[in-house]
Amino acid sequence: MNMKMKTIYNTFLILFSCMAIFSSCSEDRLDVEPFGKYAQDPDPNRPLDLNMIDGEARGLYSQVSWCYNTQWGYSTYVTFNSASDDAVSGGAAAGDRPEYEAAEKFTLDPNNLGVINLWKRFYSGIGSCNKLLDNYPDKDIDTLKRAKAEAKFLRAYYYFNLVNIFGPVPMPLKSTDLAEMPNTPIAEIYAQIEKDLNDAIASNGLPKSKKQLSSVDLAITRATEYTVRAFLGKVYVYHSTMLNENKWQDAKAQLEAVKNSGEYSLVTNFRSLWSSKNEMKDGNPESIFEASYTDIYGENWGGVATGNLDMQLMGIRDLQGYPGLDGGWGFCKPTQKLVDAFIAESDSIRLDATVVAASWPASIAEWEADKKLLPSLNSKGAKYSEPYDPTGYWNGKYRQDEHPLNADMYAQNELIYRFSDVLLLLAETEYHLGNEAAALGYVNQIRDRVHLAPKSSTGMQLLNDIRKERQLELAMETQRYWDLIRWGLAAQEIPNFKTSTKGLWPIPQEQLNVDPLLKQNEGY
């Protein structure tokens, strides 16, 4: 085993040992003894085990990567791409994976496993963060300051997912909080998310630069100060648009700090962003935060998947005769509408990176002939099946062109947040602050990377161009659903969208059964 593989192996040994501990105690997790303390130690002045505290902090990242844990429905990636106008759920037949089909068809109910498991996933992460914060004192010790800052960052990240998915959820901030808690107003949750992120920055406990991260830290994309600032800027943009409260200046301050930090830049080759050899651990300058996976372990249908099972889920069903591509199960397939959006902008580079096609439309046959696009399946004489939700397209960003050491367990990380998103959020922010020239500059910086002509728009057309650029740049990256919700365009753009729910998921029935203070969301 070479040194690089050994480092990665040790990283996941630490990470998934924590995951095994956390996932095995689900309901009783708040009773888990903190790793850095000695059990029932009568002496509160005994030195803390800083190595164990550091390992516990790494374990807090576990739920970031959950896409499967004995059941389906944990994946935000498949769920919210399918819920948007980017993709349909797909699969072998109606009901193949009701967790994802119901998200696309907007037929969710409080007993859907996707609803239940997303709730469990993020509250599981919050429980771990609360436990660490409660069990260790505030001391001027670098390892401890870092661990507590990471716990606040990740608690904010998990609550950000929960408030966007479920809206006014309970908000326990202590491991001793009662199980019965009422809905917390959305504005209060946003305020707490912002407080946690600001506290993490102000603690001075986080590394300033990715250069300070060890190889083990890089493998799980452990947070730096600018990771947190990037998320805080995004939260302020969401706060401004979701709650119609002016946080634009706050957003600009954080996003500009990230832009000016020198930590991030756009990669030259757009397609390379989705290679397992061009991740944060490899020095990718565009990556801010990733869900980490490995292919060195086999299938684990009895626990948390260590590989990127979403990629297997999204592969081309029954594929034969296409050298270089593995097959899969045919879920989360891009729509014709998305393909048409690329064609309308003459955007061959991002279309090629985003979509694999059975046959490319006749209007862009020249692009395929000029090798601007991956050859279509039919042009290669490949065999495949598309029995349900046929679109003729499959996910190209996470295409199965890297062959895992263990079947189904792909090693490609999921890019959760990257620098191009920061630039486009800055464009949106500057527009709302009245700085149209600055906004246009960010849009054209993104377009220049993929060799598209610059825009020169102003006014409402500029805002529409910013929105279009987000659609094309971040297609099939889970951003589209939330963008349409916060822009008030979901009912206009998303088929089957139910306005009565305001885009929120139902609160799980099993949670309502044990918490009489909790109320169901509207429309369910």
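Since the model is a prediction, treat every value here as computed from it, not as a measurement.

S.K.: How do you make sense of helix 5 (residues 113–135) when you look at a structure like this?
M.R.: Helical geometry note: an α-helix holds 3.6 residues per turn, so side chains three or four residues apart project in the same direction. Given a rise of 1.5 Å per residue, 23 residues ought to cover 33 Å, and the 32 Å separating the end C-alpha atoms of helix 5 matches this to within 8%. Buried residues dominate helix 5, accounting for 20 of its 23 residues. Structurally, the start of helix 5 carries an N-cap: the backbone nitrogen of Gly114 is 2.7 Å from a side-chain oxygen of Asn112.

S.K.: Help me understand the pattern of salt bridges in this model?
M.R.: In a structure, side chains of opposite charge can pair up when their charged atoms sit close to one another. In total, this model carries 45 salt bridges according to the counting rule given. Asp401 is the salt-bridge partner of Arg271, the closest N and O atoms lying 3.4 Å from each other. Taken together, the residues span a long stretch of sequence, with Arg271 in the loop between helix 10 (248–259) and strand 2 (287–291) and Asp401 in the loop between strand 7 (393–395) and strand 8 (414–418) at a distance of 130 residues. The residue Arg350 makes a salt bridge to Glu473 at a minimum N-O spacing of 2.8 Å. You can see Arg350 sitting in helix 13 (residues 348–354) and its partner Glu473 sitting in helix 17 (residues 459–473), a full 123 residues away along the chain. The network of salt bridges with shared partners includes Glu286, Glu345, Asp347, Arg350, Lys397, Arg418, Arg447, Arg449, Lys455, Glu469, Glu473 and Glu477.

S.K.: Just checking my understanding: could you explain the nonpolar core for this structure?
M.R.: One broad trend across soluble globular proteins is that nonpolar side chains are buried collectively. Phe289, Leu351, Tyr481 and Trp505 are the most contacted members of the largest nonpolar core, which has 139 residues in total. Counting residues per element, this core draws most heavily on helix 6 (residues 142–166), which supplies 15 residues. Counting ten residues, the second largest nonpolar core, distinct from the first, contains Tyr322, Val356, Leu374 and Trp394.

S.K.: What is the right way to look at the pairing of strand 2 in this model?
M.R.: Within a regular strand, the side chains alternate between the two sheet faces. For strand 2, the tally of buried residues reaches five of five residues, placing the bulk of the element in the interior. Relative to strand 8, strand 2 is paired through four bridges, and the arrangement is antiparallel. Residue pairing across strands places Ala291 opposite Glu414, the latter belonging to strand 8.

S.K.: Can you walk me through the packing of helix 15 (residues 419–432) against helix 16 (residues 436–449) in this structure?
M.R.: Each pair of packed helices gets described by two things: the angle between the helix axes and the distance between those axes. Where helix 15 meets helix 16, the closest approach of the two axes is 7 Å, and the angle between their N-to-C directions is 155°. Looking at the two axes, helix 15 sits roughly antiparallel to helix 16. Helix 15 and helix 16 meet at a crossing whose hand is left-handed. Here helix 15 contributes Ser420, Leu423, Leu424, Leu426, Ala427, Glu430 and Tyr431 to the contact with helix 16, which in turn contributes Glu436, Ala438, Ala439, Tyr442, Val443, Gln445, Ile446 and Arg449. Across the contact of helix 15 with helix 16, the residue classes tally to ten nonpolar, two polar and three charged.

Conventions and cut-offs
- Numbering of residues starts from 1 in every chain and runs along the sequence as written.
- Totals for whole chains, interfaces and linings use all residues, but because this is a predicted model, local features are given only for residues with pLDDT of at least 70 and pairs of side-chain atoms are given and counted only at 80 or more.
- Only hydrogens and water are set aside when side-chain values are computed; all heavy atoms of the structure are taken into account.
- Counting from the N terminus, the helices are the DSSP runs of H or I reaching at least four residues and the strands are the DSSP runs of E reaching at least two.
- By this rule the span expected of a helix is its residue count minus one, scaled by 1.5 Å.
- Three exposure classes are used, based on accessible area relative to the maximum for each residue type with a 1.4 Å probe and protein chains only: buried under 20%, partly exposed in between, and exposed over 50%.
- Nitrogen and oxygen atoms within 3.5 Å of one another constitute a polar contact, given that in protein one can donate a hydrogen and the other can accept it, and given that sequence-neighbouring residues count only through two side-chain atoms.
- We define a salt bridge as a side-chain nitrogen of Lys or Arg found within 4 Å of a carboxyl oxygen belonging to Asp or Glu.
- Each nonpolar core is a collection of buried residues, namely Ala, Val, Leu, Ile, Met, Phe, Trp, Tyr and Cys, held together in the definition by side-chain atoms within 4.5 Å.
- Strand pairing is assigned whenever DSSP identifies at least 2 bridges connecting the two strands.
- Axis lines are fitted to C-alpha atoms, over the contacting stretch for helices. Their N-to-C directions set the angle, which ranges from 0 to 180 degrees.
- Just so you know how the angles are binned, under 35 degrees is roughly parallel, over 145 roughly antiparallel, 65 to 115 roughly perpendicular, and the rest oblique.
- Here is the rule for handedness: rotate from the far helix to the near one, and if that takes an anticlockwise turn smaller than a right angle the crossing is left-handed, while a clockwise turn gives right-handed.
- We call two residues in contact when some of their heavy atoms are within 4.5 Å.
- For this classification, the nonpolar set comprises Ala, Val, Leu, Ile, Met, Phe, Trp, Tyr, Cys and Pro, the charged set comprises Asp, Glu, Lys and Arg, and every other residue, Gly included, is treated as polar.

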